[in-house]
Amino acid sequence: MNFTEPPESRRVETGEAVAASVAPARKVFIKTYGCQMNVYDSQRMGDALAESGYIATEAIDDADLVLLNTCHIREKAAEKVYSELGRIRQLKTARERAGREMTIGVAGCVAQAEGEEILRRSPVVDLVIGPQSYHRLPDVVRRARRGEKIVETDYAIEDKFEHLPAPDRAAVRSRGVTAFLTIQEGCDKFCTFCVVPYTRGSEVSRPVAQIVAEAERLAAAGVREITLLGQNVNAWHGEGPGGHEWGLGQLLFRLAEIPGLARLRYTTSHPRDMDDVLIAAHRDLPALMPYLHLPVQSGSNRILKVMNRRHTAADYLKLIERIRSVRPDIAMSGDFIVGFPGETTADFEATLELVRSVRYAQAFSFKYSRRPGTPGADMDGQVPETDKDERLQRLQALLAEQQREFAVSLVGRGVDLLLEKPGREPGQQVGRSPWLLPVIVDEKAGEIGDIVEVRITKAGRNSLHADINRDAGH
Ligand code: SAM
Ligand code: SF4
């Protein structure tokens, strides 16, 4: 797995095998679509299957078990899954001709949303399992191998995290020096364009002790940077010591005390849940990296209202001002939707205006995609595809310009880099900057896992180049 990919990979299909360890060797191939939460879930599924003897393979045609961990956030994501299942049907047939079995499973949000429909549309599928049931995966796979067709999409009452096995040290190590840790799932916000509240259910926060234990385990295995994940991560809350209610800010202060853990991040946040303690964490915690992904979706108050975002453009800008006043070097990232029902040219211009005043270092922008079952899907004023295309192009051109400006502004600066892996060229190393941008060092700067100071020499299209900062400390 490649943790150093730029965050665009959140929404790009990533073929990925998850490390597992125990023999006898039945092989599992897990393909992950969508966001980091799915990457984390795939790892946990791999951990659960490792306990029943599955090892990971990156060769799909060599797999006894193929799992597609799907995303349902936009239309094309589900269609991609169905076409992938068409290709897998041919592999399965070829394996069966050779006298070998292949069990096919669909997990993730498409599984949750479509359920039985998947078995109907793709009879090649043996099991469908929703995100709340992953701890049951080994049993579900056993039953599927005996010929049962299974749809397991009930919201389990038991806490899946209590039942999912922890990965062993070697598995953690094999995944690199950065790791994801899901602390919160689901959403109660019900933005009118979004399927998450329906596919992932209502907001659930993991308990403090469980999160701290998992972070300590990761750090003890050599992980230097943890990204806390949640569909609405800053809505996380839990009971701290003495029965006090904690929010994400307090949790970050606690996690920053873990020995060996040098860097913390969190994503994805909702503007309404950025409270004072969380902003103070950005001020006071050197371990909390100066990068904040804070989706706004639109710059038009009228559209924000119909989207049920419950904040205005001015609220959002004021919030960023507050965060920047305590952490001036923070790099802002955001999500945008163009062509939401009723969006006029003037509404879209308001989005461009907001982008101009924020100056984003990174951003993700999408054409509105009608999701069945969400209020937006039935709204009047659906915007023609050609208008969406044109607006997306204009928005992306502006965002690309700002990203370029941000990258160029780093040239000549000394930057702390977490070394993650060897580079493509001999002698090169790749590390992660505080602002998440990957940096290529053209010479050996240290060991993987070290944090070293480098000097940025060049801003390329998707990455920065650096050399060792020999002036550092002088
Ligand atoms: N919880 C986060 C927030 O409050 O904005 C976002 C989580 S959502 C999984 C990730 C992003 O996908 C959203 O911020 C939005 O920009 C995009 N998205 C969600 N539903 C969409 C839709 N129907 N069409 C286009 N983009 C969508
Ligand atoms: Fe979806 Fe985020 Fe809105 Fe929740 S807050 S409904 S996850 S966009």
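Relative to the helices and strands, Ala-107 resides in strand S5 (residues 103–107). Residues Ala-107 and Thr-153 lie 46 residues apart in sequence; the distance between their C-alpha atoms is 9.4 Å. For Ala-107, the contacting residues outside a window of four places in its chain are Met-45, Leu-68, Asn-69, Thr-70, Ile-129 and Tyr-134.

For strand S2 (residues 26–32), the buried fraction is high: five of the seven residues fall into the buried class. Pairing geometry for S2 and strand S3 (residues 54–56), over three bridges, is parallel. Bridging across to S3, Arg-26 finds its partner in Tyr-54. Handedness of the crossover joining S2 and S3 through helix H1 (residues 36–51) is recorded here as right-handed.

Okay, the site of ligand 1 next. Near ligand 1 lie 18 residues; those nearest to it are Phe-193, Gln-231, Gln-297, Asp-335 and Ser-369. Between ligand 1 and the protein, one listed contact pairs a nitrogen atom with a backbone N or O atom of Phe-193 at 2.9 Å. At a separation of 2.8 Å, a nitrogen atom of ligand 1 approaches a polar backbone atom of Ser-369. Tallied by class, residues from the shell around ligand 1 come to seven nonpolar, five polar and six charged.

Inspection of the secondary structure assignment puts Thr-227 in strand S11 (residues 225–229). Filtering out sequence-adjacent residues up to four positions away, Thr-227 remains in contact with Ala-179, Phe-180, Leu-181, Arg-265, Tyr-266 and Thr-267.

So, on to the site of ligand 2. The immediate surroundings of ligand 2 are formed by Cys-187, Lys-189, Phe-190, Cys-191, Phe-193, Cys-194, Val-196, Pro-197, Asn-232, His-270 and Arg-309. Considering only residue class, the shell around ligand 2 consists of seven nonpolar, two polar and two charged.

This paragraph deals with the packing of H1 against helix H5 (residues 137–145). A pair of packed helices can be characterised by two numbers: the angle between their axes and the separation between those axes. Put simply, H1 and H5 touch, their axes get as near as 9 Å, and they point 65° apart. In terms of crossing hand, the pair formed by H1 and H5 is right-handed. Contacts between H1 and H5 pair Met-45, Ala-48 and Leu-49 from the former with Leu-137, Pro-138 and Val-141 from the latter. Of the residues contributing to the contact of H1 with H5, the split by class is six nonpolar, no polar and no charged.

Let us now look at the sheet that holds strand S15 (residues 291–293). With respect to topology, three strands assemble into an open sheet ordered S15-S16-S17, the strand pairing being parallel. The strands lining the two open edges of the sheet, one partner per strand, are S15 and strand S17 (362–367). Taking each pair of neighbouring strands and ignoring which way they run, the sheet shows an average axis angle of 10°. Contacts from helix H15 (residues 385–409) reach strand S16 (331–338) and S17 within the one sheet, and its direction differs from that of S17 by about 175°.

The strands that make up a sheet pair up through hydrogen bonds in the backbone, lying either parallel or antiparallel. Across the sheet, three strands lie side by side as S8-S11-S14; this open sheet has parallel pairing. Strand pairing shows two members of the sheet lacking a second neighbour, strand S8 (178–182) and strand S14 (263–267), which therefore form its edges. Strand-to-strand twist across the sheet, computed as the mean angle between neighbouring axes with direction ignored, equals 25°. Pairing analysis gives five bridges linking S11 to S14, with the strands arranged parallel. The residue of S14 that forms the bridge with Thr-227 is Arg-265. On top of the sheet, helix H9 (residues 208–220) reaches S8 and S11; it is set at about 165° to S8, its chief contact.

In this structure, Leu-228, Leu-252, Tyr-266 and Tyr-360 are the most contacted members of the largest nonpolar core, which totals 55 residues. The element that contributes the greatest number of residues to this core is H9, accounting for six residues. When sequence neighbours within four positions are dropped, the list of residues in contact with Tyr-360 reads Val-296, Tyr-316, Met-332, Ser-333, Gly-334, Phe-336, Leu-354, Val-355, Leu-399, Gln-402 and Gln-403. Listed in part, the 24 residues of the second largest apolar core include Val-28, Met-45, Tyr-54 and Ile-150.

The subject of this paragraph is the pairing of strand S4 (residues 65–70). Among the six residues in S4, six count as buried, and that is most of the element. Every second residue of S4 is oriented toward a common face, with Leu-65, Leu-67 and Asn-69 on one face and Val-66, Leu-68 and Thr-70 on the other, all of them buried. Sheet topology note: the S2/S4 ladder contains five bridges and is parallel. If you follow Lys-31 over to S4, its bridge partner there is Leu-68.

Calculation notes
Residues numbered from 1 in each chain as written. Chains lettered and ligands numbered in written order. Predicted model: local features only at pLDDT ≥ 70, side-chain atom pairs only at ≥ 80, totals over all residues. Heavy atoms only, no water. Helix = DSSP H or I, 4+ residues; strand = E, 2+ residues; numbered from the N terminus. Contact = heavy atoms within 4.5 Å. Buried < 20%, exposed > 50% of the residue type's maximum accessible area, 1.4 Å probe, protein only. Pairing = 2+ DSSP bridges. Right-handed = clockwise from strand over helix to strand, strands pointing away. Near = heavy atom within 4 Å. Polar contact = N/O pair within 3.5 Å; in protein donor to acceptor, adjacent residues only side chain to side chain. Nonpolar A, V, L, I, M, F, W, Y, C, P; charged D, E, K, R; others polar. Axes fitted to C-alpha atoms, helices over the stretch in contact; angles between N-to-C directions. Left-handed = near helix turned anticlockwise from the far one by under 90°. Core = buried A, V, L, I, M, F, W, Y, C linked by side-chain atoms within 4.5 Å.

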